[in-house]
Amino acid sequence: MILALETSCDDTCAAVVTDDGRVLSNVISSQEVHDAYGGVVPEIASRQHLQLMNVVIDDALTRAGVTLDDIRAIAVTRGPGLVGALLIGMATAKSIAVARGLPLIPVDHLQGHIAANFLAPDPLEPPFVCLVASGGHTFLARVDDHRSFTVLGRTLDDAAGEALDKGARLLGLPFPGGPHIERLAAAGDPGAFAFPLAHGVPGLDMSFAGLKTALLYTVRDLDAVEGAGGAAARAADLAAAYQHAVVEQLTRRVARALDEAGLDQLAIGGGVAANGLLRARLTQLAPTIHIPERALCTDNAAMIASAARHLPPASPETVPGLDAYATDRAGSLAQGTPS
Amino acid sequence: MIVLGLDTATADTCVGLYSDTEGLELELARHHRPAPGERPGHAQQLLSLAAAVLHEASLTWTAIDRIAVGVGPGTFTGLRIGVASARALAQASGTQLAGVSTLQALANGAVGDDAPVLACIDARRGEVFVGAWAGGTCLLQTRAVAPADLPALVAGLGGDQLLTVGDGAVRYRDAFGDTANIPADEDRRHHVHGLAVCRLARFAPVADRDALMPDYVRAPDAVRRPRSSATA
Ligand SMILES: [Zn+2]
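Rules of the game
Residues numbered from 1 in each chain as written. Chains lettered and ligands numbered in written order. Predicted model: local features only at pLDDT ≥ 70, side-chain atom pairs only at ≥ 80, totals over all residues. Heavy atoms only, no water. Helix = DSSP H or I, 4+ residues; strand = E, 2+ residues; numbered from the N terminus. Rg over C-alpha atoms; globule rule 2.2 N^0.38 Å. Buried < 20%, exposed > 50% of the residue type's maximum accessible area, 1.4 Å probe, protein only. Contact = heavy atoms within 4.5 Å. Areas by Shrake-Rupley, 256 points an atom, 1.4 Å probe, with all protein chains shown as cover. Lys, Arg positive; Asp, Glu negative; His and termini not counted. Charge placed at Lys NZ, Arg CZ, Asp CG, Glu CD. Donors = N, O, S within 2.8 Å, 3.2 Å for Na, K, Ca; no water. Tetrahedral: all angles 85-135°; square planar, octahedral: opposite > 155°, others 65-115°. Pairing = 2+ DSSP bridges. Axes fitted to C-alpha atoms, helices over the stretch in contact; angles between N-to-C directions. Salt bridge = Lys/Arg side-chain N within 4 Å of Asp/Glu carboxyl O. Domains from an automatic or database assignment. Buried area = accessible area lost by both parts, 1.4 Å probe.

**A few points about the overall build of chain A**
Logical step 1: Counting its regular elements, chain A contains 12 helices and 10 strands.
Logical step 2: Over its C-alpha atoms chain A spans a radius of gyration of 20 Å, differing by no more than 12% from the 20 Å that the globule rule assigns to 339 residues.
Logical step 3: The buried share of chain A, reckoned over its 339 residues, is 60%.
Logical step 4: For chain A, contacts bridging at least 24 residues in sequence account for 71% of all contacts bridging at least 6.
Logical step 5: Carbon and sulfur atoms make up 52% of the accessible area of chain A, which amounts to about 12,000 Å² in all.
Logical step 6: Charged side chains of chain A number 24 positive and 37 negative; the gap between the two group centres comes to 2 Å.

In structure tokens, the structure reads:
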């Protein structure tokens, strides 16, 4: 079985997954300390990762009912993400691997999101189209095998989850914004305002920055015309129309991607996959839609272990010198062949 | 006792392997010093150097009795790589842990006797981390100070020609005027030595793994990552 670590953003994660893809434990320690800042503070995230990493590993082993003696390989997220945060997971994973003489399998975080779909008891077999939408990344991929993916389209600016966070902020809602927008939108009319759907963006790429700007101007105009509190009075309608625009843009791109790829299997991942409206819209698009449970959609280590099941370990002499990487490497998103 | 010492608080990556076990006396060290302008290579260097000293001594990881790590103060990311590695090595092998002050290791490595030493590590943002020791006795507790305060600090420690070492002493040499005895820039005493970490750790209390944290001295800046910054 594989012990995997994931520390690319603000969740300290460790998981134990069997070689046939069963999740024995999936521990996610969320750092709520960032909510007060309205976003992730990298230095605070790194300090928390260091504090929590070893106890999270102990917890994952205990919950799985195993010890390090039962582990055959260590997997770890190498990037992309916050480098200072990634380095905690990397230093920890490398040290355990070296000290125990275990193979180390470095995993690309985005490949991890896709590999969440390979886990038991209900693994999805390629080929399929996968939408990954979170606060950190939003892209569409074609998945033909278990170890790589081809990017079909990606956001050119903000991530979908980031758009929801920013929208929530403009509406005076707490961070993270997605669940709050969804709750408020339930009482609103999605047709009350027409927010942009990025029609001008070619192909399967996406853009959410203009949407946020449109909301900003709409709020400003409402307050100007109807006096202070004008926008607040329409908050439910604004939330509903804003959420509709995010979901609609994603849905149209997914529909086109399935069409162009000639595939009828769709998988979704990332925190935005929890959005009820998005799930409902996408379910209408494909005969087979695969949505891992919520704890496997948001950042977690079980998905890293899942990816590692299909990837080669780093050669032992290179393990001590392995470094993290911050951004999508040229090969990672452009060609979809994370190593 | 076989002690593996690690320090990544400065730009250097420092490793020492010490043993006073009869028939296995060891004093080995490996250091990586980035060239001027080169970034520190803590993440790539630390375990590589540690594996190299163990290989040189024909020892395995399980032979180590105690893993010692410099807890700073110093660069935050570097410190975390050292502490995370030490903690995980201990987690993997059940070895004891000990944390030592990087400033004290710097002072300890600079003299062989009980003479007083002021250790200075560049804290960036116009400040210096300082601490002073005479043998095992602390003369000045770790703190961050402005370079302009350094001469008064030296005077308070007995003044004239106090041996003063570290990258902070080199960088702010001018601020000291002629109050301190600062070796030439290229003198090895300005660098942490892996064996100094080991020597101090022999007498340090065993650290609780989950309580072993860097001595940051400074609180984190609450700067959000750009993706969540205020809009428009
Ligand atoms: Zn993610």
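Let us keep going from here.
**Notes on the coordination of the zinc ion**
Residue and element names in this part refer to chain A.
Logical step 1: At the metal site, the zinc ion is ligated by His 109 (NE2), His 113 (NE2), His 137 (NE2) and Asp 299 (OD), and these contacts range over 2.1 to 2.3 Å.
Logical step 2: Around the zinc ion sit 4 donor atoms, and with donor-metal-donor angles ranging over 90 to 165° the site reads as irregular.
Logical step 3: Donor residues binding the zinc ion come from one chain and are separated in sequence as H-x3-H-x23-H-x161-D. Note that His 109 is positioned in helix 3 (residues 109–115) and Asp 299 in the loop between helix 10 (294–297) and helix 11 (302–308), a separation of 190 residues in sequence.
Logical step 4: Look at His 109 and you get buried, because its relative accessible area is 0%.

**With respect to the sheet that holds strand 10 (residues 288–290) of chain A**
Residue and element names in this part refer to chain A.
Logical step 1: Strand order in the open sheet made by the 5 strands is 8-7-6-9-10, with mixed pairing throughout. Across the chains shown, the open sheet's two edge strands, defined by having one partner strand only, are strand 8 (150–154) and strand 10. Pairwise comparison of adjacent strand axes, ignoring direction, gives a mean angle of 20° for this sheet.
Logical step 2: The pairing of strand 6 (residues 128–133) with strand 7 (residues 138–143) spans 6 bridges and is classified as antiparallel. Along strand 7, the bridge assignment pairs Leu 131 with Leu 140.

**Comments concerning the pattern of salt bridges**
Residues and elements named next belong to chain B.
Logical step 1: Tallied over the full model, the rule gives 22 salt bridges over all chains.
Logical step 2: Among the salt bridges present, the one from Arg 33 reaches Asp 12, with a minimum N-O distance of 3.8 Å. In this pair, Arg 33 is assigned in the loop between strand 3 (26–32) and helix 1 (42–56) and Asp 12 in the loop between strand 1 (2–7) and strand 2 (13–19), connecting sequence segments 21 residues apart.
Logical step 3: Judged by its relative accessible area of 5%, Asp 12 is buried.
Logical step 4: The salt bridge involving Arg 173 is made with Asp 185; its shortest N-O contact spans 2.6 Å. Remark: Asp 185 occurs in the loop between strand 10 (180–181) and helix 7 (194–202) and Arg 173 occurs in helix 6 (residues 173–176); sequence separation between them is 12 residues.

**Let's talk about the domain arrangement of chain B**
Residues and elements named next belong to chain B.
Logical step 1: Each domain of chain B was delimited in the assignment, giving domain 1 (2–102 + 192–201) and domain 2 (107–189).
Logical step 2: Measuring from the centre of the C-alpha atoms in domain 1 to the corresponding centre in domain 2 gives 23 Å.
Logical step 3: Listed by partner, the interface residues are 10 residues for domain 1 and 9 residues for domain 2.
Logical step 4: The junction of domain 1 with domain 2 conceals about 860 Å² of combined surface from both sides, 64% of it contributed by carbon and sulfur atoms.
Logical step 5: Connecting domain 1 to domain 2 are 0 salt bridges.

**A look at the pairing of strand 3 (residues 23–30) of chain A**
Residue and element names in this part refer to chain A.
Logical step 1: Across 7 bridges, the pairing between strand 2 (residues 11–17) and strand 3 is antiparallel. Its bridge partner lying in strand 3, Val 16 is registered against Ser 25.
Logical step 2: Counted along the chain from strand 2 to the antiparallel partner strand 3, the turn is 5 residues long, and its residue Gly 21 has a positive phi close to 90°.

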